Amino acid sequence: MRNWEFDVVFDSQRIFRSLLDAMANPGCIITLPDIRINNPAANMYPLLLLMTLLDHEVSFSVLDNGTPVTEHLKTNTGSKESKLENSDFILVYGGSSHGLIRRAMVGTLEYPDESATVIYDTDSIGDIDGDVLLELSGPGIADKRRIGTSGIEQTEIEDVFTIQDYPLGLDLIFSDNAGRIACIPRSTTMKVI
Amino acid sequence: MTELSTLAGTDSEAVEGYNFAFLDEFTKRELRRKILKAVAIPGYQVPFGSREMPLAKGWGTGGIQVTLSIIGKSDVLKVIDQGSDESVNAVNIRNLVSRMTGVKTTSDTSRATIIQTRHRIPEEPLTKDQILVFQVPFPEPLRTIEPSEQVTRRMHAEQDYSGMWLHLYEDIVKHGKITIGARYPCMVNGRHLMDPSPIPRWDVPRLHKSPVLHLFCAGREKRIYAIPPHTLVEPLEFEDYRFETEDFCGKVCERCGSSDTFLDEIIDDATGNPRYLCSDTSFCEKRQRGEDV
Amino acid sequence: MGYVPVKGGSEAIKNAGRLVDSLRSAHSMDVSQIQGRLRLSVDQVMGEGGLYAPELAALAIKQSDGDLVAASFLIRAYRSTLPRIGYSETSDTTDMFVLRRISSAFKDIPGGQILGPSIDYTERLLDFEERGVTDDCDADDDADQEFGSEKSDIPKFKKVSDLLRDNGLLEDVSADNETSDDASNEPYDITRESIRFPAPRSARLQTLARGETGAMLALAYSSLRGYGSVHPTIAELRVGHVQLRIKHPYTGNNVCIGDVPVTECEGILSGVGATEITADNRFSLGYGLVFGQNEKKAISMSILDGTMGVSEPKTPAEDPEFVLYHIDGIDAMGFVEHLKLPHYVTFQSSLDRIRAVQGAGTGEVSDD
């Protein structure tokens, strides 16, 4: 179904700025603007992010939540669904890709930007607590920053670890069901604590 | 079925016949995606489509594409050219953005949320809530030593910057100093060599671990790159031949009396002697008014 | 009094614009006059602007006081505001409604040489009778009718290149990796992606199609004259209308959305004295296609398509980066003219360096 209440001009601009803020300050928890859509999935926030970023020039894939989400994104963005290994954007539900994430595009040394951005639908993101606690450092972080997430499996984080090879790698966005997001781009050094 | 014309956002209520912020929504999306990648790989030049803008190439078409793709209704915009808000090109760019978006504009650095700049970083310390957008003529720091894009891209891929080190070394042998004026090459995050745009060397140390997000865009050369806040930005230098900023020792701005700012040298009509004024006009005015900046 | 830094930029900009107005000394022209009487200018602006819009191109020429690069730039800037809502299907120029077709490779060609609209064979004398206004619109109407009435029964002409190909004289490019960027076989789009090198042929051709006529002419000429070996024989130059078709978004059928006038040039890269022969002993073809009637650009394009295909580039016209990065009129004009902008901050940095070097006293600078 088409979401007429999503304003492609102004809502996507506001969401993008939140995202830019989050990507420039890895691990910093940013609350998305209060924009609502009638959504086919439990958590609408990852969809808002993708409705902001996708169009017919890029492709996406959705892991583990079946057709309604994919159809929603196709209808609302004009973007193409593609195989995971060719996807510019990957949306992961359920906290784990079960190892599939290791096949995502990480770019080439000449064009490291030609790599996937991965959005994880999580239960919650917080400063101090969560199932997985990470300590982050690198660009965008003054010294060190901690972030905790619930609803993502530690093995998933470890899988991402194994393929990050800066400047090659994946850029991660965690999105929780209270409208909070946090980013971990490939430039961030992270360790599980 | 998706209605593309609706997704493109062509029927917004900005200036008649134009979308809010001039660019169509697909173009903004592409820019936004590329900006995020640029932020994720500090100092790496992300290629993008780049549209022709209602400004000549070389006059800020990259900067304005970034500004227009990030700007929203609640932003406050400042535009400077060589430090001045009143330079004709700055006025032209500010008018264009203001007309196409209706956003507020200011010359007050501290009030701006987005600052688009050509060749300067404002003197006043910037905060984490501001974004600095640079207009870039030459995104490729290696272009001075290698004309081919295919070759320079490979050099970045292999982190092969020996040619640039050799260039600096030869400069020292020939002139006794590194003679690069503006556009001083910097290593970002210890990995990518970056052209900081033709800012004076004075401004280069101010990029290092700055609290601000810096976005750089070259419209003609179709490249976007970024320095996120708190990122290592190191000008190339040798242990015995250090990077040097411009020397204004003993000189003060004759308007506000500052001795700690980048100064424009002006030849006095009557005497032919040099006189000095702050390059950052808005800062200079604040100091003249006695404001604490 | 001393120097006063430039202030009040807004007012100065307005006044500068008013002064331009004051130099426009004759009556304003109707855009239709430009479209009807400066048609080659209009065609050039549409080609370099990358947008087929004759009326807007005429408006741009008027607004830019006849500066064609500036007019193309207005069109490009306007083009940026238009969303890309679809892609046309491949047009086959064999189906062109031909106004003009010539071949310099053969004395006669099937279907015949058709001179069409051309001043190639008239003497270049200024016609002083044209100084005033002459009303010869009727002739144009007749011409329109003549071409228009035939459209229902368009005669098609087999292409000279197809004749050569049928005889096994032309290289087969369909198997060439460079013609297809990836498995999807979609052409590269330089307006959506920044060009990268080595550039696929589709990206090279698209860049050439938007290139500045004069810049391309100069580079093509340099190859003919001696900085290169490519010197083609024109298999066929044709001017005419081709239909554009798109896939209907709902029915999926091909529908015609109109036709555009184009000039097409196919040059056999034979060389004069030094015939270019491919590995499998065949000729190769340089290709040019531009909006409207712009024969010098179409020919230049076919030459540069050929020069950039040379396996071991030695001259400027044979270096794809050199050609493709420097033929865009809008890029070149903007960047050359940006030197008019203030550079006093950067110049201050240079002053500081030259003083430092002089102060360091290596003795080498004092020779300057």
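Residues numbered from 1 in each chain as written. Chains lettered and ligands numbered in written order. Predicted model: local features only at pLDDT ≥ 70, side-chain atom pairs only at ≥ 80, totals over all residues. Heavy atoms only, no water.

A. Quick look at the interface of chain A and chain B. Tallying the contact residues gives 47 residues for chain A and 46 residues for chain B. Carbon and sulfur atoms make up 63% of the area that chain A and chain B hide from each other, which totals about 3,800 Å². Summed over the three residues of chain A that lose the most area to chain B, namely Phe10, Phe16 and Asp113 of chain A, the buried surface amounts to 15% of that side. Among the ionic pairs, Asp171 of chain A bridges to Lys37 of chain B, the shortest N-O distance being 2.8 Å. Remark: the boundary between chain A and chain B carries 17 residue pairs in polar contact (both at pLDDT 80 or more). Of all the secondary structure elements, the ones that give two or more residues to the side of chain A that touches chain B are α1 (10-24), α2 (45-53) and α3 (66-77) of chain A. In terms of residues, the side of chain A that touches chain B owes the most to one element, α1 of chain A, which gives nine residues. Of the residues assigned to the side of chain A that touches chain B, the class counts are 24 nonpolar, 14 polar and nine charged. (Contact = heavy atoms within 4.5 Å. Buried area = accessible area lost by both parts, 1.4 Å probe. Salt bridge = Lys/Arg side-chain N within 4 Å of Asp/Glu carboxyl O. Polar contact = N/O pair within 3.5 Å; in protein donor to acceptor, adjacent residues only side chain to side chain. Helix = DSSP H or I, 4+ residues; strand = E, 2+ residues; numbered from the N terminus. Nonpolar A, V, L, I, M, F, W, Y, C, P; charged D, E, K, R; others polar.)

B. Highlighting the confidence of the model for chain C. Residue and element names in this part refer to chain C. Per-residue confidence for chain C gives a mean pLDDT of 84, with 83% of residues at or over 70. Under a pLDDT of 50 for its full length, residues 1-6 has, in the predicted model, nine contacts with residues more than four places off or in other chains. Both scores are available for the predicted complex, with the pTM at 0.85 and the ipTM at 0.96. (pLDDT = per-residue confidence, 0-100.)

C. View of the sheet that holds strand β7 (residues 192-194) of chain B. Residues and elements named next belong to chain B. Taken together, the three strands give an open sheet; going across it, the order is β7-β6-β10, and neighbouring strands pair in antiparallel fashion. Two strands close off the open sheet at either side, each with one partner strand: β7 and β10 (233-235). Taken over all neighbouring pairs, the strand axes of this sheet differ in orientation by 35° on average, direction set aside. Here three bridges tie strand β6 (residues 186-188) to β10, and the two strands are oriented antiparallel to one another. Its bridge partner lying in β10, Val188 is registered against Val233. (Pairing = 2+ DSSP bridges. Axes fitted to C-alpha atoms, helices over the stretch in contact; angles between N-to-C directions.)

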